[in-house]
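So you can see what is in the structure, the chains are spelled out below.
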Amino acid sequence: MADIDTSQGGGKDGKKKGPKKVSTKVDMTPMVDLAFLLITFFMLTTTFNTPKIMQVIMPDKTEKDPAKRDQAKGDCSIIILGDKDNKLYWYQVIKGQTPQLQEIEYSSEKIRDFLTQKKKEIKAKGDCPQMIVVIKFKDDARFKNMVDVLDEMAIVGVSRYGIQDIEPNDLKLIEEYKKQAKR
Amino acid sequence: MGKIKPPRKNPSLDMTAMCDMAFLLLTFFILTAQFKPETPLEVDAPSSSSNKEETPKVAKIIVDTAGRVFFEIKEANKREEILRNIARHYKIANQLTDEDYKEFAGRQNIGVSIQDLPKVLKNKALSNDAYKKLGVRIGIPMDTTNNQLGLWVLYTNKVYENETFNRRQGFDEKTKAIITKPSPEGLSEAEKKIWEEEQKQMLKIVIFGDQRSQFKVIKRVLEVLQERKVNKVHLVTNLREAPAGAANQQPTQKKN
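About the thresholds
- Residues numbered from 1 in each chain as written.
- Chains lettered and ligands numbered in written order.
- Predicted model: local features only at pLDDT ≥ 70, side-chain atom pairs only at ≥ 80, totals over all residues.
- Heavy atoms only, no water.
- Salt bridge = Lys/Arg side-chain N within 4 Å of Asp/Glu carboxyl O.
- Helix = DSSP H or I, 4+ residues; strand = E, 2+ residues; numbered from the N terminus.
- Buried < 20%, exposed > 50% of the residue type's maximum accessible area, 1.4 Å probe, protein only.
- Pairing = 2+ DSSP bridges.
- Right-handed = clockwise from strand over helix to strand, strands pointing away.
- Patch = residues over 30% accessible without salt bridge, like charges linked within 9 Å, V, L, I, M, F, W, Y side chains within 5 Å.
- Areas by Shrake-Rupley, 256 points an atom, 1.4 Å probe, with all protein chains shown as cover.
- Axes fitted to C-alpha atoms, helices over the stretch in contact; angles between N-to-C directions.
- Parallel < 35°, antiparallel > 145°, perpendicular 65-115°, else oblique.
- Left-handed = near helix turned anticlockwise from the far one by under 90°.
- Contact = heavy atoms within 4.5 Å.
- Nonpolar A, V, L, I, M, F, W, Y, C, P; charged D, E, K, R; others polar.

K.L.:
For this particular structure, what's the right way to read the pattern of salt bridges?
P.N.:
Charged atoms that come close allow side chains of opposite charge to pair. Counting across every chain of the model gives 30 salt bridges over all chains. Arg112(A) is paired through a salt bridge with Glu152(A); the nearest N and O atoms lie 2.8 Å apart. Pair noted here: Arg112(A) is in helix H3 (residues 108-125) and Glu152(A) is in helix H4 (residues 143-156), with a separation of 40 residues, a long-range link. No difference in accessibility class separates Arg112(A) from Glu152(A), as the two residues are buried. For Glu121(A), the salt bridge goes to Lys118(A), with nearest N and O atoms at 3.0 Å. With Glu121(A) and Lys118(A) both in helix H3 and three residues apart, the pair spans about one turn of that helix. Under the relative-accessibility criterion, Glu121(A) is labelled partly exposed at 37%. Note on Lys118(A): relative accessible area 10%, which makes it buried. Through salt bridges that share partners, Lys57(B), Glu75(B), Lys78(B), Glu163(B), Arg167(B), Arg168(B) and Glu198(B) make up one connected network.

K.L.:
I tried to follow the pairing of strand S6 (residues 161-164) of chain A on my own but got confused; where do I start?
P.N.:
For a regular strand, side chains alternate in direction, first toward one face of the sheet and then toward the other. Residues and elements named next belong to chain A. Sheet analysis places strand S5 (residues 132-137) next to S6, joined by four bridges and oriented parallel. What sits directly across from Lys136, in S6, is Gln164. The parallel pair S5 and S6, bridged by H4, forms a crossover whose chirality is right-handed.

K.L.:
Got a minute to help me understand a nonpolar patch on the surface in this structure?
P.N.:
All names here are of chain A. On the surface, Leu34, Leu37 and Leu38 cluster together into a nonpolar patch covering about 270 Å² of accessible area. By secondary structure assignment, the location of Leu37 is in helix H1 (residues 29-47). Residue Leu37 is classed as exposed on the basis of its relative accessible area, which comes to 57%.

K.L.:
Would you mind showing me how to read the packing of H3(A) against H4(A) here?
P.N.:
Helix packing for two helices is described by the angle between their axes and how far apart those axes are. Residue and element names in this part refer to chain A. Packing of H3 against H4 brings their axes to within 9 Å, and their N-to-C directions diverge by 50 degrees. Taken together, the axes of H3 and H4 lie oblique to each other. Seen along the crossing, H3 lies across H4 with a hand that is right-handed. Taking contact as the criterion, the partners of Ser108, Ile111, Arg112, Leu115, Thr116 and Lys119 in H3 are, on H4, Glu152, Met153, Ile155 and Val156. Per-class residue counts for the contact of H3 with H4 are five nonpolar, two polar and three charged.

K.L.:
Explain the sheet that holds strand S3 (residues 87-91) of chain A to me, please; I cannot follow it from the model alone.
P.N.:
In any sheet, the strands associate via hydrogen bonds between backbone groups, in a parallel or an antiparallel arrangement. All names here are of chain A. The strand order S4-S3-S2-S5-S6 describes an open sheet built from five strands, whose pairing is mixed. Each edge of the open sheet carries a strand with a single partner, namely strand S4 (102-104) and S6. Here the average twist between neighbouring strands, direction ignored, is 30 degrees. With five bridges connecting them, strand S2 (residues 77-83) and S3 associate as antiparallel partners. By the bridge assignment for S3, Leu81 is matched with Tyr89. Across the face of the sheet, H3 comes into contact with S2, S3, S4 and S5 while running at roughly 160 degrees to S2. Relative to the sheet, H4 contacts S2, S3, S5 and S6, its axis offset from that of S5 by approximately 170 degrees.

Dropping the structure here:
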């Protein structure tokens, strides 16, 4: 294949030259081709196969001290609710006011902008050391939603957050919001 | 006048050296390759910008879109011990022979209830179809009345705790003080290295969920883990590029 026979075709002029010499060279090209094909295959299967992991810290369920558990309430914190069909809402619990649910558009950029802005606002108030985010998802939300929100938290650098069970109150808020949006 | 003919050269190259090198690389990649574990479940992980890599000591909870749960112990030499503990707990030890334990040690993951396990191991069933033929339901039960996933987590934790305890026996007091810290804050560079090294040796519980899995199932898994006092969980994600200035990227780590 890669060898091209350039010998001048012996025995043309009638002279006998004895037994024909056979070249001992083996054409390696197909073998190299195969080897590289296999290398490519193994390279692709190995390097892309180290799974990446993301750490999540859950609240300690055995924590009985209510002072530690209820930190999340008040105006230092925001609550994010996740519904099915990639819907995200948020509200804040402020004493003496009914919570106002607002929707967050579902895209990485929008969630990130929202978190960055809220972080700034809450820090500017001064009486909060850092923003606390409580995340609650409805049962029919998807795992992807949870990972997306947690990822944005990590990107923005919100270190205090918790995943909690959704409460009937939250469900009611979502229902009301949906009704209003229809009108 | 005769023209000067350039001497004819043979254009062939000596491929031997190239071939040698190619096979050397090939051998290297074959030896280092780690293939995807065989799972009867198809799981498509969600993406995140976290670039942390999985460590060897991992127990993985696999959740598929239908909400079925599998349990995977990555280290093959731990599997037998964990199964022996489980078998004792469920009093099925008399149904399992040494060969079954060996068969179990060769498996990446478990996806049936403990009662069905002897049957599956004896028939060497691996695929979905084989499970169906045996009449075995796929997925580890984890409801409150029959929480087998919790037990797998419990005994896996126990086996690894023993290992950690034994390993730490040889350490001096100073090293022990470093490695038991909850976070590497306030440690010097050398101490940080020791701390990180130790973290790699610790068991990590990882959830490998499909991105379309219902949150209900994931919530239940997290609940089971919390009941077993596993509050630090890891999620398997596909890497997607983080935006510039992200707080979670290693080189430019900022604190708020």
